[in-house]
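Architecture at a glance
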Amino acid sequence: MTTDLAAPTTGAAASARDLVKIYGKDETEVRALDGVTIDLYAREFTAIMGPSGSGKSTLMHCLAALDTPTSGEAFVGGTPLGGLKDKQLTALRREQIGFVFQAFNLVPTLTAEENITLPLALAGRKPDPAWFDQVVDAVGLRDRLKHKPSEMSGGQQQRAACARALVSQPSIVFADEPTGNLDSTSGAEVLGFLRRSVDEFGQTIVMVTHDPVAAAYTDRVVFLADGKTVDELRDPDRDSILDAMARLTPAVG
Ligand code: ADP
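Now for a description of the structure that goes with this document. (Residues numbered from 1 in each chain as written. Predicted model: local features only at pLDDT ≥ 70, side-chain atom pairs only at ≥ 80, totals over all residues. Heavy atoms only, no water.)

**Things to note about unusual backbone geometry**
A positive phi angle, near 50 degrees, is found at aspartate 26, a position not held by glycine. Along the chain, the position of aspartate 26 falls in the loop between β1 (12-23) and β2 (30-41). Classification of aspartate 26 by relative accessible area gives exposed; the value is 62%. One non-glycine residue, aspartate 235, lies in the positive phi region at around 45 degrees. Tracing the backbone shows aspartate 235 in the loop between β10 (228-234) and α8 (238-248). (Helix = DSSP H or I, 4+ residues; strand = E, 2+ residues; numbered from the N terminus. Buried < 20%, exposed > 50% of the residue type's maximum accessible area, 1.4 Å probe, protein only.)

**A few points about the pairing of strand β8 (residues 205-208)**
Neither face of β8 is open: one carries Ile205 and Met207, the other Val206 and Val208, and all of them are buried. Summarising the sheet, strand β3 (residues 45-49) and β8 pair through 4 bridges and their orientation is parallel. Across the sheet, the residue bridging to phenylalanine 45 is isoleucine 205, located in β8. After leaving strand β7 (residues 172-176), the chain enters helix α6 (residues 184-199) and then returns to the sheet as β8, a path that is right-handed. (Pairing = 2+ DSSP bridges. Right-handed = clockwise from strand over helix to strand, strands pointing away.)

**Examining the sheet that holds β2**
Strand order across the open sheet formed by 4 strands is β2-β1-β4-β5, with antiparallel pairing between neighbours. Whereas interior strands pair on both sides, the edge strands pair on one side only; in this sheet they are β2 and β5 (79-80). By the bridge criterion, 5 bridges tie β1 to strand β4 (residues 71-76) in an arrangement that is antiparallel. Bridge pairing in β4 places alanine 14 opposite valine 76. Helix-sheet contacts for helix α1 (residues 56-63) involve β1, β2 and β4, and the interaxial angle to β1 is about 120 degrees. (Contact = heavy atoms within 4.5 Å. Axes fitted to C-alpha atoms, helices over the stretch in contact; angles between N-to-C directions.)

**Examining the packing of aromatic side chains**
This model, assessed by the stated rule, comprises 2 aromatic pairs. Ring geometry for phenylalanine 99 against phenylalanine 101: centres 5.9 Å apart, planes inclined by 10 degrees, an arrangement best described as stacked. (Phe/Tyr/Trp six-rings, centres within 6.5 Å; stacked < 30°, edge-to-face > 60°.)

**Let's talk about the pairing of β4**
The pairing of β4 with β5 spans 2 bridges and is antiparallel. Paired with phenylalanine 75 across the strands is proline 80, a residue of β5.

The structure is reproduced here in structure tokens:
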């Protein structure tokens, strides 16, 4: 059987085919990605884990059209990103991709509501009122919509950032350490919301995390090491994730 390495699998919201990313030149050269082939399936919550420097951010940035690979191809919704011009990439990021960052990245002078609808406003679109209401209720921010970020807790700010990522109904949401700045209770609320948005709204979420408790909320954990995918778990729990992490870490001493 031959596999067409250039084509994404049906049902993949985003895919990478033999993705290589090299930073620097000659003796300073770093192979951040060393031939990653992966499908991130629609309506699934996937975690990407791996030691610091293993290429997690680089992979996410290449898949989210924020960085370009040295070779190989990244696809979003079956579209190869390599063939797109800057304007088309901007439109794709705006229409098909949602982002949640560790540092929330809300605009401090805008209310929660204005922050949530900002990506749509920038795209010249209006929110679908029924969907907006559903998302706001799901993140539990109905009574905080008129508040500025400084008047909200970290957990509330991150839930507003999650709502902002979902309100445009993107094909895929990339979350980079979304609970990295939160206490465990607020982190659990954010992860619970991300889980529900997959189960109840059919969203697709890819989350980079170091935290086995956070990764246990997902359907699938993909492990990277040295710019390669090296392991994968289905229906993970905290213990199976910790076991896989231990297998990845070379014995010390
Ligand atoms: P992770 O997210 O798993 O910590 P990264 O994707 O950030 O890993 O980095 C992978 C490797 O690429 C690391 O060795 C890192 O130092 C290197 N790297 C990342 N970004 C750059 C850059 N802009 N310039 C040079 N090297 C980089």
